[in-house]
Amino acid sequence: MEQKKVTILDVMARKTVGPKITMLTSYDYPFALLVDQAGIDMILVGDSLGMAVLGYEDTVSVTMDEMIHHVKAVTGVAKNALVVGDMPFGSYNVSVEKAIENANRFMKEGRADCVKLEGGKTMVPVIEAIVKSGTPVQGHIGLTPQTASALGGFKVQGKSAGAAQALIDDAKALEAAGCFSIVLEAIPSPIAKMVTDAVSIPTIGIGAGADCDGQVLVIHDMVGLFDRFTPKFVKQYAKISDTISSALAEFKADVEKGTFPEEKHGFTMKADELEKLKEAMKSE
Ligand SMILES: Nc1nc(=O)c2c([nH]1)NC[C@@H]1CN(c3ccc(C(=O)N[C@@H](CCC(=O)O)C(=O)O)cc3)CN21
Ligand SMILES: CC(C)C(=O)C(=O)O
Ligand SMILES: [Mg+2]
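Residues numbered from 1 in each chain as written. Chains lettered and ligands numbered in written order. Predicted model: local features only at pLDDT ≥ 70, side-chain atom pairs only at ≥ 80, totals over all residues. Heavy atoms only, no water.

Looking at an unreviewed UniProt entry, the chain carries the name 3-methyl-2-oxobutanoate hydroxymethyltransferase, with the source organism given as Desulfonema magnum. Quoted verbatim from the Subcellular location (unreviewed entry) heading of the UniProt record, the comment on the chain is "Cytoplasm". For the chain, the Catalytic activity (unreviewed entry) comment in UniProt is given as "(6R)-5,10-methylene-5,6,7,8-tetrahydrofolate + 3-methyl-2-oxobutanoate + H2O = 2-dehydropantoate + (6S)-5,6,7,8-tetrahydrofolate". (UniProt positions renumbered as here; feature names shortened; annotations may be inferred.)

**Observations regarding the site of ligand 2**
By nearness alone, every residue bordering ligand 2 is listed as Thr-25, Leu-44, Gly-46, Asp-47, Ser-48, Asp-86, Lys-116, His-140, Val-183, Ile-206 and Val-218. Protein burial of ligand 2: of its 260 Å² of free accessible surface, 95% is covered by the chains. In a pocket analysis with a 2 Å cut-off to the grid points, ligand 2 is assigned to the largest pocket. Among the residues forming the shell around ligand 2, the class breakdown is 4 nonpolar, 4 polar and 3 charged. (Near = heavy atom within 4 Å. Areas by Shrake-Rupley, 256 points an atom, 1.4 Å probe, with all protein chains shown as cover. 1 Å grid on protein atoms, 1.4 Å probe; cavity = no way out; pocket = protein on both sides within 12 Å on 5 of 7 lines; lining within 4 Å. Sits in = over half its atoms within 2 Å of the grid points. Nonpolar A, V, L, I, M, F, W, Y, C, P; charged D, E, K, R; others polar.)

**Regarding the site of ligand 1**
In the vicinity of ligand 1 lie 16 residues, with Met-51, Val-156, Glu-185, Asp-221 and Lys-232 positioned nearest. Interatomic distance of 2.9 Å between a backbone N/O atom of Val-156 and an oxygen atom of ligand 1. Between ligand 1 and Lys-232, the relevant distance is 2.9 Å, taken from an oxygen atom to a main-chain nitrogen or oxygen of the residue. In isolation ligand 1 exposes 670 Å². Once the protein is present, 77% of that is buried. Split by residue class, the shell around ligand 1 holds 10 nonpolar, 2 polar and 4 charged. (Polar contact = N/O pair within 3.5 Å; in protein donor to acceptor, adjacent residues only side chain to side chain.)

Encoded structure:
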């Protein structure tokens, strides 16, 4: 099916016209190809890369260079999906100038369509500057994994009346700053609904209930390729690791028994060339 590239305006319009927006992470060519072909609206090259693919303890140590490396692998293949580059910790909290420089790298080197960054009100000057410089920005509030240390871990946010009010205020501030959408991570479902109703830009939830304008998951979680932890909000649609493990066991057994490779997996040469070689070796 021929589809056309999803745009920022398409995403924004979905808040009113529906259907719900779908976003999944991808960090490389094979996943991005499958996600794009499935008609998912947005591909997030998330800094969850650090945990899901690079095996780090958290997302804090993920660098700009690592992000760009993976964004490049995704943008070439995404014919339909809008590609979001996730700005890593340290790339937008030093100065507004540095933040613009790094957003530019996502666009120029990575050929991303937009960037995402974590934080509420305090990020308004940075968001305004990046938007003014020409790069669309997706916000991200609630559980912000890059600042998990300050939050006391990967914990659900907005559980008190005051904290929930702050989230609503943050969302309004992000909209005013020019964000085209906002990720809501790990907040109570009724608060996510209130936030969604309070802004005119779409919200995309992960652990934020069914009333957001869209949903996002880490692809390795939803296909069963990551089992170091499973947040409550993950639905595992497949267990690809089982499929891969049985393929690996069969390969090992085949090679050890001599049943792989078969004749059809090998290469031949002309019989007379082989004869010539055998003759030559005899007379040596
Ligand atoms: N593979 C992967 N999937 C993710 O969703 C993800 C990452 N990595 N890395 C960055 C962050 C970290 N995330 C996480 C990690 C753990 C929980 C978690 O265990 N939450 C508990 C609730 C804890 C509490 O509030 O006390 C849960 O039960 O879901 C949530 C989000 C989400 N992001
Ligand atoms: C979980 C999503 C929203 C994210 O930021 C990531 O994958 O890095
Ligand atoms: Mg992230």
